[in-house]
Structure formats: structure tokens, C-alpha cells
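# Descriptive analysis of the structure
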Amino acid sequence: GGVAGESNLDFLERVALDAQVSSKKILEVAAKHSTAVQYDGTPIARNLNLVSRMIAGGMPTRVYYVSHGGFDTHTGQVNSHDRLLGQLDSALKSFFTDLKKQGNDKRVVLMTFSEFGRRVPENVSLGTDHGAANAMFVVGKPVKGGHYGEIPSLTSLTEGDNLQYTTDFRRVYQTMMQGWLDQGDTSGILNGNFSGFDMFS
């Protein structure tokens, strides 16, 4: 069902979008909820608005996925990175304000992830190239705030200018699956045991 030249991520996003648009039940549930919370017109804000309406409508879905692209900043990173983080900040603020007004703020946790990080120094095109380590954010009322894992060194690098990651991303996934989704043994899914964090109150 793929399109020539389409990446796996593009395929999954297209299939997910087709499912959202074509599902009468999703549209009916989402239409039942309106909010006084102002969302921006950015794709990430519109998608989180749809998720908040599905949550308010009582959809039994336990995991929702939205994307916020454009962070592959090989050139001119400063302006685009500021803009993208501003969009994310505004969308998350609206989303969690909406959840609080619904009374669902204690029921929802959001996690960000990326398939790659960035290297430490700027390149000649005023951007940064693909790197091995990046940050993940886990947000929500049930989350015990703070920094988890060891902060990577900015001077002890690998491959010349690449951060050495200090926390395997599967440790965060295990934390989410066991600590939030109440999954038991996740070793079959994650191909090992990664000792999750004590992140939830």
C-alpha cells in the first residue's frame, strides 16, 4: 500500500491520517467536544486539539501519536529551531490547559521522542548534523518533575563531535509502559530489561 519513494514514517503517518479522516466514530466523538481554549493554527496544535477532543469524548484509545516535523536543521538552524520550539510550547500549553478544564489532566501523560539527535558544533551551513543523543520530555500532572539520567558531556564526545548518550531510550519506554500503562514484562517488546525510572507519583 506504499507510494514510490515514500519513507516508512510517511507511510505510517498517511495511514494514520486516512484512518482518522475515514473513521466516522472518531469524527463523531471529536465533534461532540468544543473548547474555549485557544489553539494556534499550526499542525501540531491542530493535532493535539483533535486528541483532546477524542479524550473528552471518552474514546477508549490509550495511546495517541502526533508528529511535529522540521527539526532536521542542517542549515539555518537558529530561526527555524526557535520557531519550531515556540510552536511546540504553545501547542502543549493549550493541550494541557484544555485537559485541565475537562478534568482529564491527571489521566494523561505526554512523551516526546525523535529518531535522531544533533551533533554539538554548528556546521558551515549554520546548522547541526545528525547525532546519536537527544532529549526526551515526559509531561503531565502524574509525572514527578526533574531530570532523569546523566547529562551527556559536551567535551567528551565520540566520532569527533557527537554526544555520547548516557541513557538508552528503551529505559524511558520501559518507564512509560510499566509505570504509566501498567504493562508487566516488557522485555519481549524492548528486547531486554532496561530498569525504568521512578517517574510517576
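In the block above lies the structure referred to throughout.
Residues numbered from 1 in each chain as written. Predicted model: local features only at pLDDT ≥ 70, side-chain atom pairs only at ≥ 80, totals over all residues. Heavy atoms only, no water.

## A word on a nonpolar patch on the surface
Together, Leu9, Tyr65 and Phe113 give the surface a local cluster of nonpolar side chains, amounting to about 290 Å² of exposed area. With respect to the secondary-structure elements, Phe113 resides in the loop between β1 (110-111) and β2 (117-118). On the basis of relative accessible area, Phe113 is assigned to the partly exposed category, the value being 44%. (Patch = residues over 30% accessible without salt bridge, like charges linked within 9 Å, V, L, I, M, F, W, Y side chains within 5 Å. Areas by Shrake-Rupley, 256 points an atom, 1.4 Å probe, with all protein chains shown as cover. Salt bridge = Lys/Arg side-chain N within 4 Å of Asp/Glu carboxyl O. Helix = DSSP H or I, 4+ residues; strand = E, 2+ residues; numbered from the N terminus. Buried < 20%, exposed > 50% of the residue type's maximum accessible area, 1.4 Å probe, protein only.)

## Structural notes on the side chain of Thr73
Turning to its location among the elements, Thr73 is positioned in the loop between α3 (43-56) and α4 (77-102). You can call Thr73 buried: its relative accessible area is 3%. Beyond its immediate sequence surroundings of up to four residues, Thr73 is in contact with Ser80, Arg118, Gly127 and Thr128. (Contact = heavy atoms within 4.5 Å.)

## Observations regarding the nonpolar core
Within the largest apolar cluster, 21 residues are counted, with the highest numbers of intra-cluster contacts made by Leu48, Met54 and Phe95. Secondary-structure elements contributing two or more residues to this core are α2 (24-31), α3 and α4. Ignoring sequence-local partners within four residues, the contact set of Phe95 consists of Tyr39, Leu48, Val51, Ser52, Ile55, Val108 and Leu110. With eight residues, the next largest nonpolar core counts Val109, Val172, Met176 and Phe200 among its residues. (Core = buried A, V, L, I, M, F, W, Y, C linked by side-chain atoms within 4.5 Å.)

## Comments concerning the environment of Tyr148
Locating Tyr148 in the fold gives a position in the loop between β4 (138-139) and α5 (169-180). When its relative accessible area of 27% is taken as the criterion, Tyr148 is described as partly exposed. Here the alpha-carbon distance between Tyr148 and Phe116, two residues 32 residues apart in the chain, equals 19 Å. Separated by 2.7 Å, the side chain of Tyr148 and the backbone oxygen of Lys144 make a polar contact. (Polar contact = N/O pair within 3.5 Å; in protein donor to acceptor, adjacent residues only side chain to side chain.)

## Overview of α3
End to end, α3 covers 20 Å across 14 residues, agreeing with the expected 20 Å (1.5 Å per residue, within 8%). Turning to α3, its buried residues are Ile44, Ala45, Leu48, Asn49, Leu50, Val51, Ser52, Met54 and Ile55. Just past α3, the residue Gly58 takes up positive phi, approximately 85°. (Expected span 1.5 Å × (residues − 1).)

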